[in-house]
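Below are the chains, spelled out letter by letter.
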Amino acid sequence: AQTVLESLAAANVKGSDFGRVIELRIDGLPAWFELSVTTKIERNELLAGDKRFLVLSRNITDRRLNELELEQHRQHLETLVQARTGELQETNRRLQDTQFAMDSVGIAIHWVDADTSRFLYVNRFAADYLGYTEDEMLGLSVVDIDPNFIESNPTSPTGRLRQNQRSKFESVNVTKDGRVFPVEIVVHFLPGQDDTPARYIAFVTDITQRKEAEQTLITARDVAEAANRAKSTFLANMSHEIRTPLNGITGMVHILRRNGVTPAQAERLDKIDTSVSHLLQIINDILDISKIEAGKFVLHEAALSINGLLDNVATIVSDRAQARNIELRIEAGLYPAHLRGDPTRLQQALLNYATNAIKFTEHGSVTLRAAAVDEDPQSVLLRFEVRDTGIGIDPDTVSRLFSAFVQADNSTTRKYGGTGLGLIITRRLAEMMGGEVGVDSQPGVGSTFWFTARLSRIETENPNLGNVAFPADSDAELSIRRRHAGRHILLVDDDATNLEIARYLIEDTGLIVDTAEDGEQAVQRARAGSYALI
């Protein structure tokens, strides 16, 4: 009560005061009271000047506490509302940014009901590039813009999509005015959940320019390949025309020698023969690579002997090796005796390696080797090697060696000669025979060139098949003279020079030669006479 009076006095209450609320602390705890106060100044003489109060008080602590708690809740709610409003504003801003990006990205975006194939959403670009409004698109289904869409077919891209969840494929789209253009589509499948249907989300890109560029490249490639084939076919068809005059020169040199020449003339004829042989080898290489490129190079399978093949190559290059004082070795590995392949092309590939090895070896040795590296019931993969102790090859150059017209060093052309075609021909031959090529080399130490070829087995075991001999021709002229002198043969050639040379050489063996310049003339003479050989 004293506290109340002091509060009232401090408040200088005059007259009446209703509903005043005061806060007190009772036993250290806050308490609130609502007061109704009436003041009165006494007028009688005895009490003159006294101030009297009529105070009615009511304890409203519980109500006040409830009010304060409600106020706290209100402020908290306002804070939550403000925060949530800010989040919604930020989310709305992000949605606007996302929508702007989706409309401006330059890719059509479709949301499609997987069950009905109707569009649930399209971005503005998807509608614009097809000539529709967004609202018009929402009234369409996928089949209205993509004639290739077949939802019911489980093998279709969208059919497989339900299992794979993602697919990428090419199709076409049709615009509102009927224009058709190619598109690339990336589709994701979202399975349905609760009341949400299964959906396709498709990202569609116009690939018209890409297709036009691809077609341009294809056309250019076809034109280039056609021109290359025409060039290769022309060179391949030139074989007869190029070789014929060279054979004529070689034949005439041979005839001159047989007729007897002076030592000086013999030396000059040797130089002519060497030059012609070198030119003929270059032409043969060019024609071979042209035939391969033109698709006219055909392998012929026959029974062959690997040992005989190695021996024959060694025999061919032995004179060159002896002239350079190089030891020539043969190492025969393990391989079946009875095999089939193209002995001529195997020998050509191995001879290319052996010739190069001798050319680039100043001293030491050249070794020919063959061994089986893989077998199955039908075939054997053989690896042929030529190992030398020559100048070797720089590692940076090895990767370019088996390209056309490439040598290890341009300076080798001046010192050693050659075109570099031998290695590319060997590579092509090996590839045609199911193999590959390679080289291991160290400068100043030597090189090992190798190629592999898959040869078929011979099913019928015949002891003679594995040892096919390469016949020596040194006694051919004497053998013909002894066994067949005086017999009649018909010689046919459409080149007058070659015909004359061949007739002269054959007549030297004692045979009687008739000639014909073409097939029709040959048939007429064959009907009119009897020949032991045509």
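Note that this is a predicted model, so its numbers are computed, not measured.

Before going further, it helps to examine the pairing of strand β6 (residues 166–174). Two elements, β6 and strand β7 (residues 180–190), share nine bridges in a ladder whose sense is antiparallel. Looking at the pairing, R166 lines up with H188 of β7. Adjacent in sequence and paired antiparallel, β6 and β7 are bridged by five residues, among which G178 carries a positive phi angle near 95°.

On to the packing of aromatic side chains, then. Counted by the stated rule, this structure contains six aromatic pairs. Aromatic side chains Y353 and F449 sit 5.4 Å apart centroid to centroid with 45° between the ring planes, which places their arrangement in the tilted category. Taken together, the positions of Y353 in helix α10 (residues 343–359) and F449 in strand β15 (residues 446–457) put the pair 96 residues apart, joining distant regions of the chain. Its relative accessible area of 12% is what places F449 among the buried residues. Measuring from ring centre to ring centre gives 5.8 Å for Y353 and F451, while their planes differ by 55°; the resulting arrangement is tilted. Remark: F451 occurs in strand β15 and Y353 occurs in helix α10; sequence separation between them is 98 residues. Note on accessibility: Y353 and F451 belong to one class, buried. Grouped by ring-pair contacts, the aromatic residues Y353, F384, F449 and F451 constitute a single cluster.

Let us look at the packing of α10 against helix α13 (residues 421–432). Two numbers describe a pair of packed helices, the interaxial angle and the distance between the axes. Orientation of α10 relative to α13, taken along the N-to-C sense of each, is 145°, at an axis distance of 9 Å. Viewed along their axes, α10 and α13 form a crossing whose handedness is left-handed. Mapping the contact onto sequence places R345, Q348, A349, N352, Y353 and N356 in α10 and G422, L423, I425, T426 and L429 in α13. A breakdown of the residues in the contact of α10 with α13 according to their chemical character gives five nonpolar, five polar and one charged.

For S117, which is not a glycine, the phi torsion comes out positive at approximately 65°. Among the structural elements, S117 can be located in the loop between β4 (108–113) and β5 (119–122). Exposure remark for S117: the relative accessible area of 8% places this residue in the buried category. Backbone geometry places N325, a non-glycine residue, at a positive phi of 60°. Here N325 is to be found in the loop between α9 (306–323) and β10 (327–332). When its relative accessible area of 67% is taken as the criterion, N325 is described as exposed.

Parameters and conventions
- Residues numbered from 1 in each chain as written.
- Predicted model: local features only at pLDDT ≥ 70, side-chain atom pairs only at ≥ 80, totals over all residues.
- Heavy atoms only, no water.
- Pairing = 2+ DSSP bridges.
- Helix = DSSP H or I, 4+ residues; strand = E, 2+ residues; numbered from the N terminus.
- Phe/Tyr/Trp six-rings, centres within 6.5 Å; stacked < 30°, edge-to-face > 60°.
- Buried < 20%, exposed > 50% of the residue type's maximum accessible area, 1.4 Å probe, protein only.
- Axes fitted to C-alpha atoms, helices over the stretch in contact; angles between N-to-C directions.
- Left-handed = near helix turned anticlockwise from the far one by under 90°.
- Contact = heavy atoms within 4.5 Å.
- Nonpolar A, V, L, I, M, F, W, Y, C, P; charged D, E, K, R; others polar.

Interpretation note: all reported values are geometric properties and have no functional meaning in isolation.
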